[in-house]
Amino acid sequence: MSYTERLPRIRTYLMCPPEHFTVEYAINPWMDTTVPVDPALALKQWQMLRDTLTDLGHTVHVLEAVPGLPDMVYAANGAFSVDGKVYGARFKYPQRAAEAAAHRQFYVGGPWTFADPEYVNEGEGDFAYMPDAHGGLILAGYGFRTDPAAHAEAQEVLGRPVISLKLVDPAYYHLDVAFAALDDRNVTYFPEAFSESSQRVLAQLFPDAVIADRADAEAFALNLVSDGRNVILNSESTALGEKVRAAGYNPVYVELGELKRGGGSIKCAVAELRP
Ligand code: ARG
């Protein structure tokens, strides 16, 4: 079998250090408030992730952590940008609500057009952009966090078609724990996290997708960041790593165990900025 060569595209990312990271409330099935987190280890692992991205040639901007917002390390949830336009987040749970303003501040005054949302949406947690799929396509999840009305709102703000996908398993409560872009046109996903109709939509749009299984999803393997060639996965995710390698990509592993306690991994900690 022959593959097109998988070429990296240099990216700009936004991350927020886990300086105030704790698990003091439970808003997803992975969070256990009785097991303490190791803040020093969380910070060390986060720094390794940031260094891995910069060593690959990408730019990482850092958003200052705010005391009292323990989930702010999951920077992907703070907004969704496409073509220099930013659709702001509006969090479902009050514990995270104030994170939206911190992200908003990062964009306003910069080279961005910022739109405040009317509907609940958790940024790149539930939105993904595929610049080279069907001329530029947004994939959007709903069922647990993001209001489906936000999908239409995002389409109006961003001017790109939005495909709504229904998530059905509470363990995979955001799109980015069940689905990931591997490059500008190809994806990987765990079918059973989606309704049957949404599985059909994904199969139609992405016939060359790398299909993940339940063990991959449980390892948070789908919560990956790819630059089109290098696929950054948490170190539990070697099985999916081998599947993406077989499809011509280069898996790169980073240990990120502490962040799993909050119900997130690599992608949750990294927002992509698309000027
Ligand atoms: N504890 C956070 C929450 O439940 C985890 C967010 C994970 N982020 C993500 N992009 N999936 O909201």
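Below is a short write-up of the structure. (Residues numbered from 1 in each chain as written. Predicted model: local features only at pLDDT ≥ 70, side-chain atom pairs only at ≥ 80, totals over all residues. Heavy atoms only, no water.)

**A word on unusual backbone geometry**
Part 1: The backbone of histidine 134 shows a phi angle near 55°, a positive value even though the residue is not glycine.
Part 2: The residue phenylalanine 220 is not glycine, and still its phi comes out positive at about 65°.

**As for helix H2 (residues 99-107)**
Part 1: Taken as a whole, H2 has its buried residues at Glu99, Ala100, Ala102, His103 and Tyr107. For H2, the arc enclosing every buried residue in end-on projection is 165°, short of the 170-degree limit, so these residues lie on one face.
Part 2: The secondary structure elements touched by the buried residues of H2 are strand S1 (12-15), strand S3 (79-82), strand S4 (85-88), strand S5 (113-115) and strand S15 (271-273). (Buried < 20%, exposed > 50% of the residue type's maximum accessible area, 1.4 Å probe, protein only. Helix = DSSP H or I, 4+ residues; strand = E, 2+ residues; numbered from the N terminus. Arc of directions from axis to C-beta. Contact = heavy atoms within 4.5 Å.)

**Some remarks on the site of the ligand**
Part 1: Around the ligand sit 15 residues, and of these Arg96, His174, Asp176, Gly262 and Cys268 come closest.
Part 2: The side chain of arginine 96 places a nitrogen or oxygen atom 2.7 Å from an oxygen atom of the ligand.
Part 3: One of the side-chain N or O atoms of arginine 145 is found 2.8 Å from an oxygen atom in the ligand.
Part 4: Judged by the fraction of its atoms near the pocket grid, the ligand is located in the second largest cavity.
Part 5: Tallied by class, the residues present in the shell around the ligand amount to five nonpolar, six polar and four charged. (Near = heavy atom within 4 Å. Polar contact = N/O pair within 3.5 Å; in protein donor to acceptor, adjacent residues only side chain to side chain. 1 Å grid on protein atoms, 1.4 Å probe; cavity = no way out; pocket = protein on both sides within 12 Å on 5 of 7 lines; lining within 4 Å. Sits in = over half its atoms within 2 Å of the grid points. Nonpolar A, V, L, I, M, F, W, Y, C, P; charged D, E, K, R; others polar.)

**As for the sheet that holds strand S7 (residues 137-142)**
Part 1: With respect to topology, three strands assemble into an open sheet ordered S6-S7-S8, the strand pairing being mixed. For this open sheet the edge positions go to strand S6 (127-130) and strand S8 (162-166), each flanked by a neighbour on one side alone. For this sheet, the mean inter-axis angle between neighbouring strands, taken without regard to orientation, is 25°.
Part 2: The sheet contacts of helix H3 (residues 148-158) involve S6, S7 and S8, and relative to S7 the element is tilted by about 160°.
Part 3: Relative to S8, helix H4 (residues 196-205) is tilted by about 135°, and along the sheet it contacts S7 and S8. (Pairing = 2+ DSSP bridges. Axes fitted to C-alpha atoms, helices over the stretch in contact; angles between N-to-C directions.)

**Observations concerning the pairing of S4**
Part 1: Note that S3 and S4 share four bridges and pair antiparallel. In the strand pairing of S4, valine 82 is matched with lysine 85.
Part 2: Linking S3 to S4, which pair antiparallel, is a turn of two residues; within it aspartate 83 sits at a positive phi near 55°.
Part 3: One ladder, built from three bridges, connects S4 with S5; its direction is parallel. The residue of S5 that forms the bridge with valine 86 is phenylalanine 114.

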